[in-house]
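# Overview (structure and organization)
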Amino acid sequence: LDVPGIGFQTADKIAFSLGVVRAKNDKMRMTSAILFVLQNAENHGSTCCELWGFVWRVKNLLHLDAADQEVIRIILGVLKRWMSKEDSQITMVNEEKEGKKKTYIYRKETFFAEHDTAERLVEISRSIRTGRALSEREMKEIEESAHVHFTDQQSDAIRHAVSARLSVITGGPGTGKTQTITGIIEAFRMKHMTFCLAAPTGKAAERMTEICRNIGSDVEAQTVHRMIGYNPETYRPIYNRDNPLDT
C-alpha cells in the first residue's frame, strides 16, 4: 500500500479491488495506515503524534469502529510488533511533563533528525561572538536609523542577536516582533556583519524584504529551502554543516 505519489485512500481502494487486502483490520493495511498518519502529520508541521490521538487517527483512516476496544488492541499490537523489527521505520518515546506521562510515535528518520537538530542548537547557543556587544550610543543610533523607540525587552533582544549565535524571538500579533527584526538588521549593518535573511514561506520572506526596503537596505530575504539550495529530487541541500553559507 506504499505507492509513491498515491495517497493512502486511493491505494487502499486499489488493494481491496485487487484482493490484496480482504479485511478492514488486515495487518498490512494497518501498517500502511500507521506510516501514512505519521507522514501526514509531518506534512502539517508535527514531527510526532501523541499515542492515543495517533490511534484515533489511524482508526478513522481505516474506517474502523472508534469505540471497538479490539481494534485498539490490534493497532497497538501491530505497532509493537513493527517496532521490534530491526528495519522498523517507527519508534516510540515516553516523556513526563508536570507529573504526567505521555507517549509519542515518531518515524525513526524524523526522530533522529529532531534529536540531532536539538543537539546542534544547544551547541550553537553556548558559543558567544566576541567583540560584538552594542554600546548605549550604538543602540540610540539604531533607534534613529530605524525610526523606532525600542522597549527594554526589544533592546535586550537586539543586543542578544548581535552577541549570540542563536536567538529565538516569539510573541503574538502586535507584540513588536517586526520592530525588533528591524533593529537587528540595523545592528548587523552597523557592525558590518555579513548576514542572510530567510523565512519558512514566500509570503514571510516578502515581508522581511519589505522591512529591509523601509530602512534603506537592499538585502533580499529568501525561503529557507531556496537559501540552503534544497534539491527536492535528492532531498538534500547544497549548504550544510560541511558546506556552510558564507554569512
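See the structure printed just above.
The structure contained in this document is the topic of the report that follows.

Below, the discussion takes up the packing of aromatic side chains. A complete count under the given rule lists three aromatic pairs for this structure. Ring geometry for Tyr-106 versus Phe-111: centroids 5.2 Å apart, planes at 75 degrees, classification edge-to-face. Residue Tyr-106 is classed as buried on the basis of its relative accessible area, which comes to 5%. An angle of 50 degrees between the planes, with centres 5.5 Å apart, marks the rings of Phe-188 and Phe-195 as tilted. On the accessibility criterion, Phe-188 (13% relative accessible area) is buried. Under the relative-accessibility criterion, Phe-195 is labelled buried at 16%. Three or more aromatic residues link up through ring pairs in this structure, and these residues are Tyr-106, Phe-111 and Phe-112.

What follows covers the packing of helix 2 (residues 27-43) against helix 3 (residues 51-61). Axis angle and axis distance: for two packed helices, these are the angle between their axes and the distance between the axes, and together they describe the pair. Axis separation between helix 2 and helix 3 bottoms out at 9 Å; the angle between their running directions is 120 degrees. With respect to their mutual orientation, helix 2 and helix 3 come out oblique. Helix-helix and strand crossings are classified by hand; for helix 2 and helix 3 the assignment is right-handed. Each of Arg-29, Ala-33, Ile-34, Phe-36, Val-37, Leu-38 and Ala-41 in helix 2 lies in contact with helix 3, whose residues at this interface are Phe-54, Arg-57, Val-58 and Leu-61. Across the contact of helix 2 with helix 3, the residue classes break down as nine nonpolar, no polar and two charged.

On to the environment of Tyr-230. Within the secondary structure, Tyr-230 is located in the segment after helix 10 (224-227). Ignoring any residue separated from it by four or fewer positions in sequence, one finds Tyr-230 in contact with His-225, Tyr-235, Arg-236 and Pro-237.

Next up on the list: the packing of helix 1 (residues 8-18) against helix 2. The interhelical angle for the contact between helix 1 and helix 2, taken along N-to-C directions, is 170 degrees, at an axis separation of 11 Å. The orientation of helix 1 relative to helix 2 falls into the category roughly antiparallel. The residues of helix 2 that touch helix 1, namely those facing Phe-8, Asp-12 and Phe-16, are Arg-29, Ser-32, Ala-33 and Phe-36.

Moving on, we come to helix 2. Over its 17 residues, helix 2 extends 24 Å from the first C-alpha to the last, a length consistent with the 24 Å expected when each residue adds 1.5 Å. Those residues of helix 2 that sit buried are Arg-29, Met-30, Ser-32, Ala-33, Ile-34, Leu-35, Val-37, Leu-38 and Ala-41. Two residues or fewer after helix 2 comes Gly-45, characterised by a positive phi angle close to 100 degrees.

Turning our eyes to something else, we now look at the nonpolar core. One finds Met-30, Ile-34, Phe-54, Val-58, Leu-62 and Leu-79 to be the most contacted residues of the largest nonpolar core, which totals 25 residues. Of all the elements in the fold, those that place two or more residues in this core are helix 2, helix 3 and helix 4 (69-83). Ignoring anything within four residues of it in the chain, the contact list for Leu-79 reads Ile-34, Leu-51, Phe-54, Ile-90 and Ile-105.

Here the phi dihedral of His-147 falls at roughly 55 degrees; this positive angle occurs in a residue that is not glycine. Exposure remark for His-147: the relative accessible area of 71% places this residue in the exposed category. One non-glycine residue, His-192, lies in the positive phi region at around 55 degrees. Overall, His-192 belongs to the exposed group, its relative accessible area being 72%.

It is worth spelling out the pattern of salt bridges at this point. Scanning all chains against the criterion turns up eight salt bridges. Linking Arg-189 and Glu-186 is a salt bridge whose minimum nitrogen-to-oxygen distance equals 3.0 Å. Pair noted here: Arg-189 and Glu-186 are both in helix 8 (residues 177-190), with a separation of three residues, about one helical turn. For Glu-186, a relative accessible area of 6% corresponds to the buried category. One salt bridge in this structure joins Arg-207 and Glu-210, with 3.1 Å as the shortest N-O distance. In this pair, Arg-207 and Glu-210 both sit in helix 9 (residues 202-214), three residues apart, roughly one turn of the helix. We classify Glu-210 as partly exposed; its relative accessible area is 41%.

A few words on the sheet that holds strand 2 (residues 90-97). Taken in spatial order, the three strands of this open sheet run 1-3-2, and their pairing is antiparallel. Of all strands in the sheet, those with a lone pairing partner are strand 1 (48-50) and strand 2, marking the two edges. Going across the sheet, the axis of each strand differs from the next one's by a mean of 30 degrees, ignoring polarity. Lying over the sheet, helix 3 contacts strand 1 and strand 3 (100-107), oriented at roughly 95 degrees with respect to strand 1.

Procedures and definitions
- Residues numbered from 1 in each chain as written.
- Predicted model: local features only at pLDDT ≥ 70, side-chain atom pairs only at ≥ 80, totals over all residues.
- Heavy atoms only, no water.
- Phe/Tyr/Trp six-rings, centres within 6.5 Å; stacked < 30°, edge-to-face > 60°.
- Buried < 20%, exposed > 50% of the residue type's maximum accessible area, 1.4 Å probe, protein only.
- Axes fitted to C-alpha atoms, helices over the stretch in contact; angles between N-to-C directions.
- Helix = DSSP H or I, 4+ residues; strand = E, 2+ residues; numbered from the N terminus.
- Parallel < 35°, antiparallel > 145°, perpendicular 65-115°, else oblique.
- Left-handed = near helix turned anticlockwise from the far one by under 90°.
- Contact = heavy atoms within 4.5 Å.
- Nonpolar A, V, L, I, M, F, W, Y, C, P; charged D, E, K, R; others polar.
- Expected span 1.5 Å × (residues − 1).
- Core = buried A, V, L, I, M, F, W, Y, C linked by side-chain atoms within 4.5 Å.
- Salt bridge = Lys/Arg side-chain N within 4 Å of Asp/Glu carboxyl O.
- Pairing = 2+ DSSP bridges.

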